[in-house]
Amino acid sequence: MIVNKKTLIAAIGLALTAAAGIFAFCSLQGKYAFMGEPQLQLPQVTLEKKALKSRERVESELQRDKLPTEAQRRAYDVIKRNTFSADDDRFQLKDTGKDDLQMALSAFRADHPEVFWIDPNSSYKYYEDGGSVTVELHFTETGGNLQQDRKTLEAAVKKAVSGAPDNASDYEIELYLNDYLSEHCTYDAEGERKHSAYGALVEGRAVCDGYSRAFQLLCRRLGIECTVVEGTSEFNTDEDDGHMWNCVRIGGEWYHADITWNDAENASCGAEHYFYLNLTEEEIKLDHVISGSYDERSDNKGNYFNIFVPSCGTDDLNYMRLNYVTIKDLEDDGQIIAALADAARKKSDYCAFLISEDVHFETTTKAIADKYAAQWVQGANRFIKDGPAIMSEGHIINYKGKRVTAFKLAYRE
């Protein structure tokens, strides 16, 4: 699965001019002169925190459990036994048709992201013989080479897991894994094992299914239920190209997460690394297409299908709603100034805001660029006593599809 993500998000840069800064400073005196410093108030995540050493890996097989027939579940179990023994890639199945085999193999691969040695381009051969079928899996490697590479992948997983925060909630672990993959993996359509967790975690090069399987593997190793979702996106340039992302379960609720797209190539600012973290089904469908069931695959773009996609209906842990102040009234700017001051104290390279659905996006962002941005920067600088001031020569990046406006921040010592 390869999707062109070079132009995933269109960003429009608007300069904060020096003239606007001077004008805003003059009008600032009356408005902010006697204003007490506002305190940033963002939603709080109240989830159980766990010690790293007490986290137990998830062993469930969600996709197998959702296979509709006993024949498919039997085929799944035979595939699993032969794949992990890796000493016999040829086996027989009774009372199992080709459709059953495809369903079982898809479910197995979706449940086991640690399996990187089944050829993603030609995974099996199939021979019918009366009431049974002979299946020959295509392994990319076997024997001693495979055993060594499995150990290499396990070492990479342990390295990633060991850096996770201690006494953290599942949400905090998810943030860590999102950042870890963005740091350690690069989107590369030429990587030898680009479709696997091995490619993402060992070689540091993968495409969407490599990112997704790596994220799933790390989540499950740290006690967080996670599965993969097959589909396409509005950015696909070739009908043969699909897309893959994840559903992750945190605090008892399921969310969509696209780690590939969070690792935005040439991101204009750091805000883009969290746009696709914990979305509802409605939100992910704005630019993703979730493939239907196996029987519906002829209606899908390409030949992708899903056996089980969790229902994702809550936005409680949507990253942007938890971390970005929402702008609805441009004059009600206490929380906006507090957010800018907080970003400056952390020396963040950006400060992002959500634009409320209740106001017109273009009209609001134009007013911010023309008038309010420089005022807010001046207001924030008034309260920064223990760090560098924000320069007015920054710029604003607007993401209409996400209803986000981000201040790209620069500082003067």
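Within each chain, residues carry numbers counting from 1 in the order of the written sequence. In view of the model being predicted, local features appear only for residues whose pLDDT reaches at least 70, and side-chain atom pairs are presented and counted only at 80 or more, with totals across whole chains, interfaces and linings using the full set of residues. The basis for every side-chain value is the complete set of non-hydrogen atoms in the structure, without hydrogens or water.

Q: Requested: an account of the overall build of the protein, with residues and values cited.
A: Secondary structure elements follow DSSP: runs of H or I of four or more residues count as helices, runs of E of two or more count as strands, with numbering from the N terminus. Across its full length, the protein holds 13 helices and 17 strands. Accessible area is worked out with a 1.4 Å probe on protein chains only. A residue is then buried under 20% of its type maximum, exposed over 50%, and partly exposed in between. Within the protein, the proportion of its 413 residues that are buried is 56%. The contact rule is simple, with two residues in contact once any of their heavy atoms fall within 4.5 Å. In the protein, the share of contacts with a sequence separation of at least 24, taken over all contacts with a separation of at least 6, comes to 69%. Summed over all atoms, the accessible surface of the protein reaches about 18,800 Å², with 46% contributed by carbon and sulfur. Accessibility throughout is a Shrake-Rupley quantity obtained with a 1.4 Å probe, and a residue counts as covered only by protein chains that appear here.

Q: Explain the packing of aromatic side chains residue by residue, including any values.
A: Ring pairs shown here join Phe, Tyr and Trp side chains whose ring centres sit within 6.5 Å, with only the six-membered ring taken for Trp; geometry is labelled stacked below 30 degrees between planes, edge-to-face above 60, and tilted in between. The tally for this structure, following the rule as stated, stands at 14 aromatic pairs. Aromatic pair Phe116 and Tyr198: ring centres 5.0 Å apart, planes at 40°, arrangement tilted. Placement of Phe116 in the loop between α4 (98-111) and β3 (124-129) and of Tyr198 in helix α7 (residues 197-203) is noted, with a sequence separation of 82 residues between them. Each member of the pair, Phe116 as well as Tyr198, carries the same accessibility label: buried. When the ring of Phe353 is compared with that of Phe407, the centres are 5.6 Å apart and the planes differ by 75°; the resulting orientation is edge-to-face. Here Phe353 is found in strand β13 (residues 350-355), whereas its partner Phe407 is found in strand β16 (residues 404-408), with 54 residues between them in sequence. Across this residue pair, the class does not change: Phe353 and Phe407 are buried. One aromatic cluster is present, built from ring pairs that chain together Tyr76, Phe84, Phe108, Phe116, Trp117 and Tyr198. For a lysine, the NZ atom is tested; for an arginine, the CZ atom; a charge sits over a ring if that atom is within 6 Å of the ring centre and within 35 degrees of the ring normal. A cation over a ring is seen here: Arg193 above Tyr198, with NZ or CZ 4.1 Å from the ring centre.

Q: Which residues make up the pattern of salt bridges, and what are the values?
A: Any Lys or Arg side-chain nitrogen found within 4 Å of a carboxyl oxygen on Asp or Glu counts as a salt bridge. In total, this model carries 21 salt bridges according to the counting rule given. A salt bridge links Glu37 to Arg345, with the shortest nitrogen-to-oxygen separation between them at 2.8 Å. Here the residue Glu37 occupies a position in the loop between α1 (18-32) and α2 (62-65), and Arg345 occupies one in helix α12 (residues 334-345), the gap between them amounting to 308 residues. Looking at Glu37, the relative accessible area reads 35%, which means it is partly exposed.

Q: Can you break down unusual backbone geometry residue by residue, with the values?
A: Located in the positive-phi region is Asn167, a residue other than glycine, with phi close to 50°. Mapped onto the secondary structure, Asn167 falls in the loop between α5 (143-162) and α6 (170-184). Judged by relative accessible area, which is 48%, Asn167 ranks as partly exposed.

Q: Residues and numbers for the sheet that holds β3, please.
A: Here we have 3 strands laid out as an open sheet, ordered β2-β4-β3, and antiparallel in their pairing. Two strands bound the open sheet, and with one partner strand each, they are β2 (90-94) and β3. Neighbour-to-neighbour, the strand axes of this sheet turn through a mean angle of 25°, independent of strand direction. Pairing analysis gives 5 bridges linking β2 to strand β4 (residues 132-137), with the strands arranged antiparallel. What sits directly across from Arg90, in β4, is Glu136. Note on geometry: axes are lines fitted to C-alpha atoms, helical ones only across the stretch in contact, with angles between N-to-C directions running from 0 to 180 degrees. The strands touched by helix α3 (residues 70-85) within the sheet are β2 and β4, with β2 carrying the most contacts at an inclination of about 165°. Contacting β2, β3 and β4, α4 runs over the sheet at an angle of about 150° to β3. Whether two strands pair comes down to DSSP finding at least two bridges between them.

Q: Explain the packing of α12 against helix α13 (residues 361-383) to me, and be specific about the residues and the numbers.
A: The relative placement of two packed helices is expressed as an angle between their axes plus a distance between the axes. Remark: α12 packs on α13, axes separated minimally by 8 Å, with the N-to-C direction vectors making an angle of 60°. Classified by the angle their axes make, α12 and α13 are oblique. Remark: the crossing between α12 and α13 carries right-handed chirality. Mapping the contact onto sequence places Ile336, Ile337, Leu340, Ala341 and Arg345 in α12 and Trp376, Val377, Gly379, Ala380 and Phe383 in α13. Note that Gly is not counted as nonpolar here; it falls among the polar residues with everything else outside the nonpolar set of Ala, Val, Leu, Ile, Met, Phe, Trp, Tyr, Cys and Pro and the charged set of Asp, Glu, Lys and Arg. Residue classes in the contact of α12 with α13 are distributed as 8 nonpolar, 1 polar and 1 charged. Roughly parallel means an angle under 35 degrees; roughly antiparallel, over 145; roughly perpendicular, 65 to 115; everything else is oblique. What makes a crossing left-handed is the near helix being turned counterclockwise from the far one by less than a right angle; a clockwise turn instead makes it right-handed.

Q: So what's going on with the side chain of Gln63? Residues and values would help.
A: Along the chain, Gln63 turns up in helix α2. Residue class for Gln63 comes out buried when judged on its relative accessible area of 3%. There is a polar contact of 2.9 Å between the side chain of Gln63 and the side chain of Thr227. Setting aside its immediate chain neighbours within four residues, Gln63 contacts Ala107, Ala110, Asp111, Thr227, Val228, Ile307 and Phe308. A 3.5 Å cut-off defines polar contacts: any pair of N or O atoms within that distance qualifies, except that in protein one atom must be a possible hydrogen donor and the other a possible acceptor, and neighbouring residues in sequence count only when both atoms are side-chain atoms.

Q: Please provide a residue-by-residue account of the nonpolar core, values included.
A: As used in this record, nonpolar core signifies buried Ala, Val, Leu, Ile, Met, Phe, Trp, Tyr and Cys residues forming a set joined through side-chain atoms within 4.5 Å. Membership of the largest hydrophobic core comes to 92 residues, with the highest contact counts inside it found for Leu201, Phe215, Val248 and Tyr324. When residues in this core are grouped by element, the largest group, 7 residues, is from α6. Not counting residues within four places of it along the chain, the set of residues in contact with Phe215 comprises Glu174, Leu177, Asn178, Leu181, Cys226, Asn246, Val248, Ala257 and Ile259. Core analysis: the next-biggest nonpolar cluster, separate from the first, contains 28 residues, Ile355, Ile368, Ala373 and Phe407 among them.

Q: So, the state of the cysteines: which residues are in play, and what are the values?
A: The disulfide criterion used throughout: a pair of cysteine sulfur atoms within 2.5 Å. Going through the model one piece at a time under the given rule, you end up with 0 disulfides. Among the cysteines around Cys247, which has no disulfide bond, Cys312 carries the closest sulfur, lying 3.8 Å off. Among the residues examined, Cys247 registers a relative accessible area of 0% and is labelled buried.

Q: Could you give an account of the sheet that holds strand β8 (residues 243-250), with specific residues and numbers?
A: Within the open sheet, the 5 strands sit side by side as β10-β9-β8-β7-β11. Their pairing is antiparallel. Both outer strands of the open sheet, β10 (277-279) and β11 (288-290), are each paired with one neighbouring strand and no more. Neighbouring strand axes in the sheet, compared pairwise and without regard to direction, differ in orientation by 50° on average. Direction of pairing for β8 relative to strand β9 (residues 253-257): antiparallel, over a ladder of 5 bridges. Note that in β9 the partner of Ile250 across the bridge is Glu253. Strands β7 (226-233), β8 and β9 of the sheet are contacted by helix α8 (residues 208-221), whose axis makes an angle of about 20° with β8.

Spatial relationships are all this shows, so hold off on functional conclusions.
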